[in-house]
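Per-entry structural report
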Amino acid sequence: MRKIYSVFCLVALLMSLSNWALAQSLSLKGMVRDQNQQAIAGAVVSVIGTSQGTVTDVNGAFNLKVEFGGKSELSLQVSLLGYEKTKVVLTPASSELLEVVLKSDRLGLKETVVTGVANPRSRLESSVSVSSLRADAIQQTAPRTTAEIFRSIPGIRSEASAGEGNTNITVRGVPISSGGSKYLQLQEDGLPVLQFGDIAFATADIFLRADQSISRIEAIRGGSASTMSSNAPAGIINFISKTGEVEGGSVAQTVGLDFQQFRTDFDYGSPIAKNLSFHVGGFVRQGEGVRTTGFNAHNGGQLKASLTKRFDNGYVRLYMKLLNDRAAAYMPMPIEVSGTNANPTYRSMAGFDALRGSLHSPYLLQNFGLGANGEPRRANVSDGMHPTSTAIGAELSFDLENGWSIENRSRFSMNSGRFLAPFPASVGSLSSQLATMGNAKGWGPLANANVTYADNGQAFTGNNAMLIHMFDTELKNFNLLVNDLRVKKSLTENTQLTLGWYNSAQTIDMAWLWNSYLSEVNGNGARLLNVDTNGIRLTQNGQFAYGVPVWGNCCQRSYNTQTLINAPYMGVAFTLDKFNVDASVRYDLGQVNGSFAGSNQKSEDMNGDGQIQPAEASVSVINHAAPTVVNYQYNYLSYSVGANYSLNNSSAIFARYSTGASAKADRILFTSSILPNGDARATYDQITQAEVGYKLKTNKAGLFVTGFFANVNEQGGYEATTQLIIENDYRSMGLEIEGSYAVTRNLDLTGSVTLTNATITSGANENNQPRRQSPVIFTLMSQYKVGKHSFGLNFIGSGNSFAQDDNKLVMPGYVLANAFVNFGLSKRLFLSVNGNNLLNTLAITESEEGSIAENSTNIIRARSLMGRSISATLRFIF
């Protein structure tokens, strides 16, 4: 009996010791370095399958208490974009001191691609051209707008001259046919910001803001984007948010040193319970901005938050976004051009600095006219691009039994806002502007008119004047409901099938309420002008028309449509030795319903004085009594086939062939494509693409080379600034090179160059080069690290291009020089100073005029990139 009791006590003791060992924790103190023994800051150290984790500090050090929770071992993962992930097995008996060396992965070729693909693989294993920008790389370029971030992506030409939105974006020579990003889709967390990228005055980038809640940006060009998303045949740029699995955050204050701008960014994320984490981040800002608007042109902010629950076989995530921001929209401005069409010289006009000036003015702060329902309406010009968005989303991903898995992403975005911007309808001598205005209004050339300043009545003695059209659009309802469901099945160990169904509902409810003004030419507080003839005042405080008679009163209009899209798709991928092969197909079915209405003219006592003044004799009003019904369907098939062959563990070659399309949104309205019965023709534009590439990864370098071809069959679309229906076919081919090289242990170089030969293949301009399309664009970034400090230079360049498709006026190429200096004041406090366009280069991105009178001084309307600006940011990381 005593022996039995002794054995029982021994067993109990051993069990207690075993349970104690399994339940105990391990207090890790570690260091993360690269292969040159340089400390790596910002590396994520996490315990796989748990919510335990931390981030390395500026010295590469970390502290982490690991709770084993009854398990005998756990896997620790150390990761950072630009390095290969490393895993370490931990047991309760492991050493508390840990040193991890991360291998360089300079282009992120070992990173898993999740954007625009059915089956996520690393970039080295995938047959797509994709790039990743991590958060710190974005901060180093100090982008002043979201559009300036896109310029760092290979193959992407982002004009970035319009401000915080309304950006024209092309991919690999696929053209800017009318505006926006027609063939490229902007996404947040795998779903479109808007279903269409080229809605007039509501391009998708207007509703997209970059802040510290971004984990990274993935950009896919061509490839399988056509079958993994609707209306994205040329590519996808996806903003991927932080999710808070590892505790940490930051707060940053940015101030313009040579311009008025104040911005506060913040983010924080953390586990809050076992397998439950959250993240919140956003920004607020105010200030005039780089250009001289004369008022608080940038005012507002954004808030994003997410909550993630992880399970043994997957996760569920809920998230939200609140956006309410105002930013000036910069239209083309008066610029002097001399020389010849082939060799022009561009320069600022006297009184109008093309680099810092603006058409905005404290003397034109309101736009007055009739509203969408014929009521008197006054709008604040300081609203500029004013997007408001309340978005609620959910996503889930689970591995199921027998090789099945399921993914679903859904989001409902309640979008609305306003777009107000002064546009120079005409610029020239005072006499020419009076004649243009007078003839449009039926007043004659006004040769003997008396012109005075509207604010004080003093005589105007200037030589030049402008006719301003106030682009005033109400974005009444741009709600988007979208859901993307995918079910996957592993058929064999090397073969996976994906079945998906995408559906969305995009509302486009908008009113154009444009009016006309006469102004002096001045880029810093232009004043409005009144006109009198024979003792009769023709204008009202500088406003000469309620509408836009110079353009035939085209643009008082309203439309309300809804596009429903259902798109089943399927993909299959298999691995055969060193080959990874995938094929996918998608069938888009669209249903468009709604109506649109143009304008009528009537007399209206606008100022309430009981009389009809000359400016009030013909007032534009939306003609709701004669709407045009829209009721049509469209469908198209997209497919993509690709293969990747691994030459060895560090290099591969790939090839892909794809065809896809982009459906038309509002630019089909008010054209002959809408038939009398509401049906439509020419409802989508189609692209066929091919690409072949080579990828290489070494310890000190990364290289990604892609040859590409694209053929675009495009139907007509309306462009507001020219009132033209643009209808061309295009062909482009070229070479895209992305590379990164560690010159020394302290000096890094990263860059890209895209060479493009693009041609118009139909119409009156056949065999010409598409407008604004440069044969070469490039970026080059250098960074030198010294302990906690770093500094660098980066260059962004473009070759010559043509202003319009007739290929007469050349827009010269340019190189922009930017720089940054980052000081580590302490482990968690950093001060950075950023300079953009340091050489104050005049970089023209578009011109309304396609030619000039040679060997004389011309005034054209063109957009340039912003001039030199310097900002400072103080960032605290916790």
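What comes next is a walk through the structure. In this text, all values refer to a predicted model and were calculated from it rather than measured experimentally.

Looking only at helices and strands, the protein chain features 5 helices and 56 strands. For the protein chain, the C-alpha radius of gyration of 29 Å lies close to 29 Å, the compact-globule estimate for 878 residues. Based on the C-alpha atoms only, the size of the protein chain along its principal axes is roughly 125 × 60 × 50 Å. A separation of at least 24 residues holds for 69% of the contacts in the protein chain among residues at least 6 apart in sequence. Put simply, the protein chain shows about 33,000 Å² of open surface, and 54% of that area lies on carbon and sulfur atoms. Taking the average place of the 71 positive charges on the side chains of the protein chain and the average place of its 69 negative ones, the gap between the two points comes to 7 Å.

This brings us to the side chain of Ser213. By the element assignment, Ser213 lies in the loop between strand 14 (191-192) and strand 15 (214-221). Side chain to side chain, Ser213 and Asp211 meet in a polar contact 2.4 Å long. Excluding anything up to four places from it in sequence, Ser213 contacts Ser241, Lys242, His279, Gly281 and Lys304.

Counted by the stated rule, this structure contains 15 cavities of 30 Å³ or more. What the second largest cavity holds in volume is close to 180 Å³. In terms of lining, the second largest cavity is formed by 18 residues, of which the most central are Val117, Ala118, Asn119, Asp582 and Arg656. Listing elements by their share of the lining of the second largest cavity, those giving two or more residues are strand 36 (556-576) and strand 37 (579-597). The element contributing the most residues to the lining of the second largest cavity is strand 37, with 5 residues.

A few words now on helix 5 (residues 430-441). For helix 5, which comprises 12 residues, the first-to-last C-alpha distance of 16 Å matches the rise-based estimate of 16 Å (1.5 Å per residue) to within 8%. Leu430, Gln433, Leu434, Met437, Gly438 and Lys441 are the residues of helix 5 that are buried. Viewed along the axis of helix 5, the buried residues span an arc of 125 degrees, placing them on a single side of the element. Those residues of helix 5 that are exposed and aimed more than 90 degrees away from the buried face are Ser431 and Asn439. Those residues of helix 5 hidden inside the fold are in contact with strand 27 (404-429), strand 28 (450-453), strand 29 (464-477), strand 32 (515-520), strand 33 (529-533) and strand 35 (543-545).

Joining two cysteines, a disulfide is a covalent bond between their sulfur atoms. Applying the stated criterion across every chain yields a total of 1 disulfide. One disulfide bridge connects Cys554 with Cys555, the sulfur atoms lying 2.1 Å from each other. Handedness here is read from the sign of the S-S torsion; for Cys554 and Cys555, about -80 degrees, the answer is left-handed. Here Cys554 matches Cys555 in class, with each residue buried.

Together, Tyr784, Val786, Phe791, Val821, Phe823, Leu825 and Leu874 make up an exposed nonpolar region whose accessible area comes to about 580 Å². In this structure, Val786 sits in strand 48 (residues 776-786). In this structure Val786 comes out as partly exposed when scored by relative accessible area, which is 43%.

The rules behind the values
- Residues numbered from 1 in each chain as written.
- Predicted model: local features only at pLDDT ≥ 70, side-chain atom pairs only at ≥ 80, totals over all residues.
- Heavy atoms only, no water.
- Helix = DSSP H or I, 4+ residues; strand = E, 2+ residues; numbered from the N terminus.
- Rg over C-alpha atoms; globule rule 2.2 N^0.38 Å.
- Contact = heavy atoms within 4.5 Å.
- Areas by Shrake-Rupley, 256 points an atom, 1.4 Å probe, with all protein chains shown as cover.
- Lys, Arg positive; Asp, Glu negative; His and termini not counted.
- Charge placed at Lys NZ, Arg CZ, Asp CG, Glu CD.
- Polar contact = N/O pair within 3.5 Å; in protein donor to acceptor, adjacent residues only side chain to side chain.
- 1 Å grid on protein atoms, 1.4 Å probe; cavity = no way out; pocket = protein on both sides within 12 Å on 5 of 7 lines; lining within 4 Å.
- Points joined across faces, edges and corners; volume = space filled by probe spheres on them.
- Expected span 1.5 Å × (residues − 1).
- Buried < 20%, exposed > 50% of the residue type's maximum accessible area, 1.4 Å probe, protein only.
- Arc of directions from axis to C-beta.
- Disulfide = S-S within 2.5 Å.
- Patch = residues over 30% accessible without salt bridge, like charges linked within 9 Å, V, L, I, M, F, W, Y side chains within 5 Å.
- Salt bridge = Lys/Arg side-chain N within 4 Å of Asp/Glu carboxyl O.

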